[in-house]
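Commentary on secondary and tertiary structure
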Amino acid sequence: MVHATASITRTELRRTIRAVAGNRTKLLLMVAVAVFMLGPVTAIGLLFLPRLGEAAANGITADTAGTVTNVVTGGTAVIWLFLVIMTAMRTVTTVADVDEPAFLLLSTTVRNAVVGVIATELMLFAIWVLPVTVLFASAFAYGAGTALPVIVATVLIGLVLVTAVPVGFVVGIWIRHLITVYEPVARYRTLLFAVFWLVYFGVIATGGFNTVLQTLFTTLQSSPLGWPGHVLLLGIPGVEPSAMGLGGATVGTVVVVGLAVAVAVPSARIHWFSDPARTEDEEVEAEPSSDRLAGLLSGAVSSPVRTVTVTAIRRTKRAPIRLAYAAYPLFGAIGFAQQIIESGTIPSFMAVAFCLYVIWAAGVLFTLNPLGDLGPALPAVVTSTLTGRQAIRGRMLAGSLVSVPLALVVSIAFGVVSPLSLEQTAALVVGTTAGAVATPALASGIGTAFPRFGSVKVTNNREAVMPSKTAFLVYTLGILLPAVAGLVLYLEAPELIAGLLSSLSALTPLSEVVVPARAITVGAWTVLIGGLIAPFVSYRYAIERFDWYALE
C-alpha cells in the first residue's frame, strides 16, 4: 500500500508541476499574484514580527497573553476553514476528475488512489504555505531570541494541513458528485455555478466578507478548530498554552484524519464508478429560440449570412464557457462595487467605463477569432461556396444582435443612475450603441490576422478555443487609444498634457525637448480618425483573408 500510494503521489505531483511550469500565462499570473498581493503582506510581516518577538521576550502581561491566545486560536480556526474550502474547490474542479481513471482504478485499490491523491494535495498546499510560515516564524524568532517559534509553527501547519485537506476532499467529492452524477442537480449546474459566483463576488463587493470573517474569527476562538493554535503558543515567550487544547489538537488530528480517510474511500468509490448524469439530451433537440431567430432574419439577410449568424449564436448557447474570457475585465469592477453601494450612485467615469466594456465585449463575442472558432469544420467551410463577405457579415450580425440591446440597456441605466446630464446620457447611449455595431467589424480583421486554432484551458477541467493574446491586445488598444484621444479632445486637455510633459522632461536630460499643445491636438485627432476608419479597413481585410485562406 505504501509503495502504491507513494507512486501515485509522485506521479500526480510531477504532472501538476509540469502543467504549471509549461503554462507560461498561468506561471506569470502566479508570479504577479505573489508579487503584488503577497509581497506587501510579506514585507509588513517581516517588518513588524521581529518587534513583536522582541516585545514578547521582554515580558507579556496576563491581559496581553489572553489577547494573544484569542488571536492565535481564532486565526488558526479561520486558516483551517480556508484550507478546507480551497481543497474542496480544487476537488470539485480538478482533483476528483483523476487523469486516466481506467488505468488508475484498475491498477490499484481505491484506497491507495484516494490516499495518494490526498497526499498530493497536501504536498501542493505545503509547497505554498510552508515557506511563508517558516519565513514569518523566523522573523518572530529573530526578535524573540529563540528558534522554538520556527519549530512549533512548522508543526502547527502540519497539523492543520493533514486534517483540512482530507476533510476538504470529502466535501469536494460529494459536491462534484451532486453536480455531475445526480441528475436533478446536474441539469442546472451551470446556473448554480453562476449563482454561486454572483453571491461570492457580491459578498466581497458589499463588504460582507469582512463581516463573516470577523464573526468566524471571534466565534471559533474557543472551539475545537482553534485547539491546534495552542501548539503555536508553545513558541511565544510568556504565554501558557492550554493543556486541554494541546491534548485535543493531538487526539483530534488522529481522529479527524482517520474518519476523513475512512469516509473519503467509499465516497470516491461511489463517485468514480458512477455514470455521469445525462443532461445533454435536450441540447440535440430542436431549439425554438434559434428557429425563431432564423425566421426573423429570413427576410432581412441572405440564407448563408443567416445560417452563419444562427450557428454562431447556437454554438455559444450550447457551450457558454467559450465566452468566459469576455467576463474577465468585470473582475476589476469588484473594487468599486462597495463604493457604489455605499454612495447610492455610480460615478460618471464608472458609467463611461462600463459602456466602454460593452463596446469591447461586442467585438470579442463572435468576431475576434473567425477562423479559429470554426474548429474541425474549418476545411469544410473555407472550401465551400460560402464567401468571406457572407461569413464575416454573419458573425458581425451575431455580435450586433446580442450586444446592441445590451448596449442600449446598460448605457441608459448607467446614464440615469450616474450624475451625467441628459445631453451627456444621450451621447453615451448613441456612442455605446454605435460602438457595439462597429467593434465586431474591427475585431474581425484583427482576429483573422492573429488567429488561434488550438484550445486552451478556461477552467481546470474545461477547454475552449479562445482568441489569441495578440488579438486581445491589438483589439483592446484599437478601442482604448481612440477613446482616450476622444476624451482628450472633449476635455480640451492638450494644453494641460503639454504642460505636464514639460514638467516631467525638466527632470530628465531631455529638458530642452518641448511638446507643443498643437502637436498633441493633431496626434489626438489622427488617432481618433484612425480609430473611426479602422473598422472598415479591418472588415475588408477579414473578407480578403477568409476568401484567400489556404489550408496548410
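Residues numbered from 1 in each chain as written. Predicted model: local features only at pLDDT ≥ 70, side-chain atom pairs only at ≥ 80, totals over all residues. Heavy atoms only, no water.

Our focus in this paragraph is the overall build of the protein chain. On a plain count of helices and strands, the protein chain comes out with 21 helices and two strands. C-alpha extents for the protein chain along the principal axes are approximately 80 × 70 × 45 Å. Out of the 552 residues in the protein chain, the part that is buried amounts to 39%. Carbon together with sulfur atoms contributes 71% to the accessible area of the protein chain, which is approximately 30200 Å² in total. Taking the 31 positively charged and 27 negatively charged side chains of the protein chain as two groups, their mean positions are separated by 7 Å. (Helix = DSSP H or I, 4+ residues; strand = E, 2+ residues; numbered from the N terminus. Buried < 20%, exposed > 50% of the residue type's maximum accessible area, 1.4 Å probe, protein only. Areas by Shrake-Rupley, 256 points an atom, 1.4 Å probe, with all protein chains shown as cover. Lys, Arg positive; Asp, Glu negative; His and termini not counted. Charge placed at Lys NZ, Arg CZ, Asp CG, Glu CD.)

Interaxial distance between helix α15 (residues 348-364) and helix α17 (residues 388-417) falls to 9 Å at its minimum, and their mutual angle equals 175°. In terms of orientation, α15 lies roughly antiparallel with respect to α17. Along its contact with α15, which presents Ala351, Phe354, Cys355, Val358 and Ala362, the element α17 presents Gly399, Ser403, Leu406, Ala407, Val410, Ser411 and Phe414. (Axes fitted to C-alpha atoms, helices over the stretch in contact; angles between N-to-C directions. Parallel < 35°, antiparallel > 145°, perpendicular 65-115°, else oblique. Contact = heavy atoms within 4.5 Å.)

If you walk through the whole model with that rule in mind, you get six salt bridges. The closest approach of N and O atoms between Arg176 and Asp97, which form a salt bridge, is 3.9 Å. With Arg176 in helix α6 (residues 148-180) and Asp97 in the loop between α3 (62-95) and α4 (101-107), this residue pair connects regions lying 79 residues apart in the sequence. According to the relative accessible area criterion, Arg176 is buried, its value standing at 11%. (Salt bridge = Lys/Arg side-chain N within 4 Å of Asp/Glu carboxyl O.)

Quick look at the packing of aromatic side chains now. Evaluation of the coordinates by the stated rule reveals four aromatic pairs. Seen from their ring centres, Trp360 and Phe472 are 6.3 Å apart, and the 25° between their planes marks the pair as stacked. With a gap of 112 residues between them, Trp360 in helix α15 and Phe472 in helix α19 (residues 469-490) connect regions that are remote in the sequence. Taking relative accessible area as the criterion, Trp360 reaches 11% and is therefore assigned buried. Each member of the aromatic cluster is reached from another via a ring pair, and the members are Tyr357, Trp360, Phe472 and Tyr475. (Phe/Tyr/Trp six-rings, centres within 6.5 Å; stacked < 30°, edge-to-face > 60°.)

Turning to α17, a few remarks are in order. In a regular helix each residue adds 1.5 Å, so 30 residues correspond to 44 Å; α17 covers 42 Å between its end C-alpha atoms and thus fits that length. Remark: the principal bend of α17, roughly 30°, maps to Ser403, with a proline, Pro405, within the next four residues. (Expected span 1.5 Å × (residues − 1). Bend = angle between axes of the 7 residues up to and from the residue.)

In this structure, Tyr325, Trp360, Val364, Leu368, Phe472 and Tyr475 are the most contacted members of the largest nonpolar core, which totals 40 residues. Going through the elements one at a time, α12 (288-297), α13 (303-318), α15, α17, α18 (422-449) and α19 are the ones with two or more residues in this core. Counting residues per element, this core draws most heavily on α15, which supplies 10 residues. If sequence neighbours within four positions are ignored, Leu368 has contacts with Gly363, Ala443, Gly447, Pro467, Ala471, Phe472 and Tyr475. Membership of the second largest hydrophobic core comes to 30 residues, among which are Val114, Val117, Ile173 and Ala264. (Core = buried A, V, L, I, M, F, W, Y, C linked by side-chain atoms within 4.5 Å.)

In this section: the environment of Ala277. Within the element layout of this structure, Ala277 appears in the loop between α11 (243-272) and α12. For Ala277, a relative accessible area of 16% translates into the label buried. Taking C-alpha positions, Ala277 is 7.9 Å from Arg187, a pair spaced 90 residues apart along the chain. Beyond its immediate stretch of four places on either side in the chain, Ala277 contacts Thr180, Val181, Glu183 and Ala186.

Positioned with a positive phi, Glu492 is a non-glycine residue whose angle comes to about 55°. Examined against the element boundaries, Glu492 turns out to sit in the loop between α19 and α20 (494-505). On the accessibility criterion, Glu492 (66% relative accessible area) is exposed.

We now examine the side chain of Thr163. Assignment of secondary structure puts Thr163 in helix α6. On the basis of relative accessible area, Thr163 is assigned to the buried category, the value being 7%. Leaving out residues up to four positions away in the same chain, Thr163 has contacts with Trp80, Thr253, Val256 and Val257.

What follows covers the packing of α18 against α19. It is at 11 Å that the axes of α18 and α19 come closest, and there the two elements cross at 150°. Classified by the angle their axes make, α18 and α19 are roughly antiparallel. With respect to the hand of their crossing, α18 and α19 are arranged in right-handed fashion. Contacts between α18 and α19 pair Gln424, Thr439, Leu442, Ala443, Ile446 and Gly447 from the former with Ala471, Val474, Tyr475, Gly478, Ile479 and Tyr490 from the latter. When its residues are assigned to classes, the contact of α18 with α19 shows eight nonpolar, four polar and no charged. (Left-handed = near helix turned anticlockwise from the far one by under 90°. Nonpolar A, V, L, I, M, F, W, Y, C, P; charged D, E, K, R; others polar.)

Here we take up the confidence of the model for the protein chain. In the predicted model, the protein chain carries a mean pLDDT of 84, and 92% of its residues have values of at least 70. Model confidence for the protein chain, summarised as mean pLDDT per element, is weakest for strand β1 (residues 456-459) at 64 and strongest for α6 at 93. Counted against residues more than four places away or in other chains, residues 281-286, with its pLDDT under 50, gives three contacts. (pLDDT = per-residue confidence, 0-100.)

Structurally, Asp547 is set in helix α21 (residues 517-547). Note on Asp547: relative accessible area 42%, which makes it partly exposed. Measuring from C-alpha to C-alpha, the distance between Asp547 and Leu216 comes to 62 Å, with 331 residues separating the pair along the chain. Once you skip the residues sitting within four places of it in the chain, Asp547 turns out to touch Thr387 and Gly388. In terms of polar contacts, Asp547 uses its side chain to reach the backbone amide nitrogen of Gly388, at 2.6 Å. (Polar contact = N/O pair within 3.5 Å; in protein donor to acceptor, adjacent residues only side chain to side chain.)

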